[in-house]
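Geometric and topological summary
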Amino acid sequence: MPSIRRSIFVLLCLLSSLAAAEPKRPNIIFVFSDDHAPHAIGAYSDWLKDINPTPNIDQLARQGMLFRNSFCTNSICGPSRAVILTGKHSHLNGFMHNGNRFDGSQQTFPKILQQHGYKTAMIGKWHLQSDPQGFDYWKVLPGQGDYYNPALLTPDGKIQTQGHCTEIVTNLALAWLKEQATAEQPFMLMCQHKAPHRNWMPAPQHLTLYDDVTIPEPATLFDKYEDNANPARYQEMEIDRHMHLVFDLFVSPEDDFDPNPKQSVDRSGFMNMKRMTADQRRQWDEAFEPKNDAFKKANLTGAELVRWKYQRYMKNYLRCIKGVDDSVGRIMSFLQDNGLEDNTIVIYSSDQGFYLGDHGWYDKRWMYEESLKMPLIVKWPGVAKAGSEDHHLVQNLDYAATFLEMIGATVPDDIQGRSLVPLLKGESPSDWRQSIYYHYYEYPSVHMVAKHNGVRTDRYKLMHFYEFDEWEFYDLQNDPDELRNEFQNPDYANQIANLKTELARLVQFYGDDSDLSEKDAAWQKQYRQ
Ligand code: SGN
Ligand code: CA
């Protein structure tokens, strides 16, 4: 071989052996549930320790990093998902409230992963109206989806399944993972559960779980909103006044059915019962009828009725979470059994927090802590220290940039979030953000939570219900339950002025050009009856 050709050959051999030695890029599994508040995860809170609600998610936290100060930008389903896909605030990605339609032609992180040779899949709750884009494989629930025997949308049309949604989504995820296990191509899977979303319908095997325990009550279960600005008094999400015995809590679904309920309730749970198989329905009735009979005999009223509703609500919520936790356990076992454990990043998160009787509520939407917080646990073998915790202020806005840096892709300039990779490596960048920006838009709408934007630092929170020009300010260090609105307290005048300036800066910084104006008195009055 002439020497020049020989050296080229040697060079090529060297390059190919280098390429072979290069570590394979990591796989990513993003397990995402709906409405799973961090305080219903053992690793976040020992409030439910006697119940041990999430052993598998807790195990994930022991193997990875848990983010203590993890927040959403807009505490509602579709918007949170759109922020995650794009790395941009709602006003820029165009999905400001449920009911919008996601513009799937825009830049999303799964599309960029595909461009970098990743195989991508999206299975489960999507809730963005338009068809998923950027996925090699997708099977998603239409809208909110059903717990029992859900239909699924696929690129080839709608299909019908039989079983409980959490298990169906997990089975599909495992089947897809199995196909990837031996492939050369790295993958990214989004496994997105409907559970534990309202109306809380557990799987048959979990229907009697927690029957013998009493769930502890939150300190604020009987909050009277005495210190809050007006919006807190005009919401429709109280366990007492708004949680419905039939639709939410499944007390005698058929015989008590009122075809024209006065309260604004969706009938999804009730309708879903009509889709159960005879066997599913029998198991359901066997589990609930004795409890319903006892409830009817007791004739509860007032605080005792609230307490009973709280127990029924929380048990069904936690039973749904049990299914999600089992799903995490099955995925982790699969990775172990198929030699994928060391090179797969596993993330657990949920679209926002939720009120578990806190302030007397269920649902989310507010910028108060329980619904502002999102769980975020990341297991990244060899990078994130097992059992570690991070306290920086992070948001779902940061996920897209994080996924891109994880796979070695450049983060486009127009992405507003910041990669969490340095934090996952245990670093503490000196220029990390000191405050987060929040903006909720869905009003008037179900649960009647007024529009608001706001800012939160590690200690303080300022909220502005701009359509009513009402403000709240909290000192989270002295008042973690947010029971004392200090907006009128002169002792905090400086901090409030600073946060007002910071809020204005964030509006500019993120380019939030949405309408923040106050509405006139006549408009205000119609929602204050
Ligand atoms: C449904 C729920 C509401 C919930 C919204 C938004 N009612 O309307 O309680 O706030 O979805 O939830 S239900 O009777 O259908 O459960 S989100 O997770 O999609 O944002
Ligand atoms: Ca949600």
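Residues numbered from 1 in each chain as written. Chains lettered and ligands numbered in written order. Predicted model: local features only at pLDDT ≥ 70, side-chain atom pairs only at ≥ 80, totals over all residues. Heavy atoms only, no water.

Turning next to the overall build of the chain. Regarding its fold elements, the chain presents 14 helices and 16 strands. Taking 2.2 N^0.38 as the reference for a compact globule, 529 residues should give roughly 24 Å; the C-alpha atoms of the chain span a radius of gyration of 24 Å, in line with that estimate. Along the longest, intermediate and shortest principal axes, the C-alpha atoms of the chain span 95 × 60 × 40 Å. Split into buried and exposed, the 529 residues of the chain put 59% on the buried side. At a minimum sequence separation of 6, the contacts of the chain that also span at least 24 residues come to 69%. When the accessible surface of the chain is split by element, carbon and sulfur atoms take 49% of a total near 21,600 Å². (Helix = DSSP H or I, 4+ residues; strand = E, 2+ residues; numbered from the N terminus. Rg over C-alpha atoms; globule rule 2.2 N^0.38 Å. Buried < 20%, exposed > 50% of the residue type's maximum accessible area, 1.4 Å probe, protein only. Contact = heavy atoms within 4.5 Å. Areas by Shrake-Rupley, 256 points an atom, 1.4 Å probe, with all protein chains shown as cover.)

Taking strand neighbours across the sheet as the criterion, the 4 strands line up as E13-E14-E15-E16 in an open arrangement whose pairing is antiparallel. The open sheet terminates on both sides in strands that have one partner only, identified here as strand E13 (436-440) and strand E16 (470-475). Pairs of neighbouring strands in the sheet enclose a mean axial angle of 15°, with direction left out of account. Bridge count between E13 and strand E14 (residues 452-456): 5 bridges; the pairing is antiparallel. In the strand pairing of E14, tyrosine 437 is matched with valine 455. (Pairing = 2+ DSSP bridges. Axes fitted to C-alpha atoms, helices over the stretch in contact; angles between N-to-C directions.)

Time to look at helix H2 (residues 55-63). Because each turn of an α-helix spans 3.6 residues, side chains separated by three or four positions end up pointing in the same direction. Ile57, Asp58, Leu60 and Ala61 are the residues of H2 that are buried. The arc that holds every buried residue of H2, seen down its axis, measures 155°, which confines them to one face. Those residues of H2 hidden inside the fold are in contact with strand E2 (65-67), helix H9 (302-337), strand E9 (344-350) and strand E10 (376-379). (Arc of directions from axis to C-beta.)

The next subject is the domain arrangement of the chain. Annotation of the chain at the domain level lists domain 1 (35-201 + 320-428) and domain 2 (438-527). Taking both sides of the interface into account, the surface hidden between domain 1 and domain 2 amounts to around 2,300 Å²; carbon and sulfur atoms contribute 59%. Considering only the surface of domain 1 that becomes buried against domain 2, Arg365, Met367 and Tyr368 emerge as the three largest contributors, covering 32% of it. There are 3 salt bridges connecting domain 1 and domain 2. Measuring nitrogen to oxygen at the nearest pair gives 2.8 Å for the salt bridge that ties arginine 456 to glutamate 369. Linking domain 1 to domain 2 there are 20 residue pairs in polar contact (both at pLDDT 80 or more). Put simply, the parts of the chain that give the side of domain 1 that touches domain 2 at least two residues each are helix H4 (90-93) and helix H10 (369-372). Classifying every residue of the side of domain 1 that touches domain 2 by side-chain character gives 12 nonpolar, 11 polar and 5 charged. (Domains from an automatic or database assignment. Buried area = accessible area lost by both parts, 1.4 Å probe. Salt bridge = Lys/Arg side-chain N within 4 Å of Asp/Glu carboxyl O. Polar contact = N/O pair within 3.5 Å; in protein donor to acceptor, adjacent residues only side chain to side chain. Nonpolar A, V, L, I, M, F, W, Y, C, P; charged D, E, K, R; others polar.)

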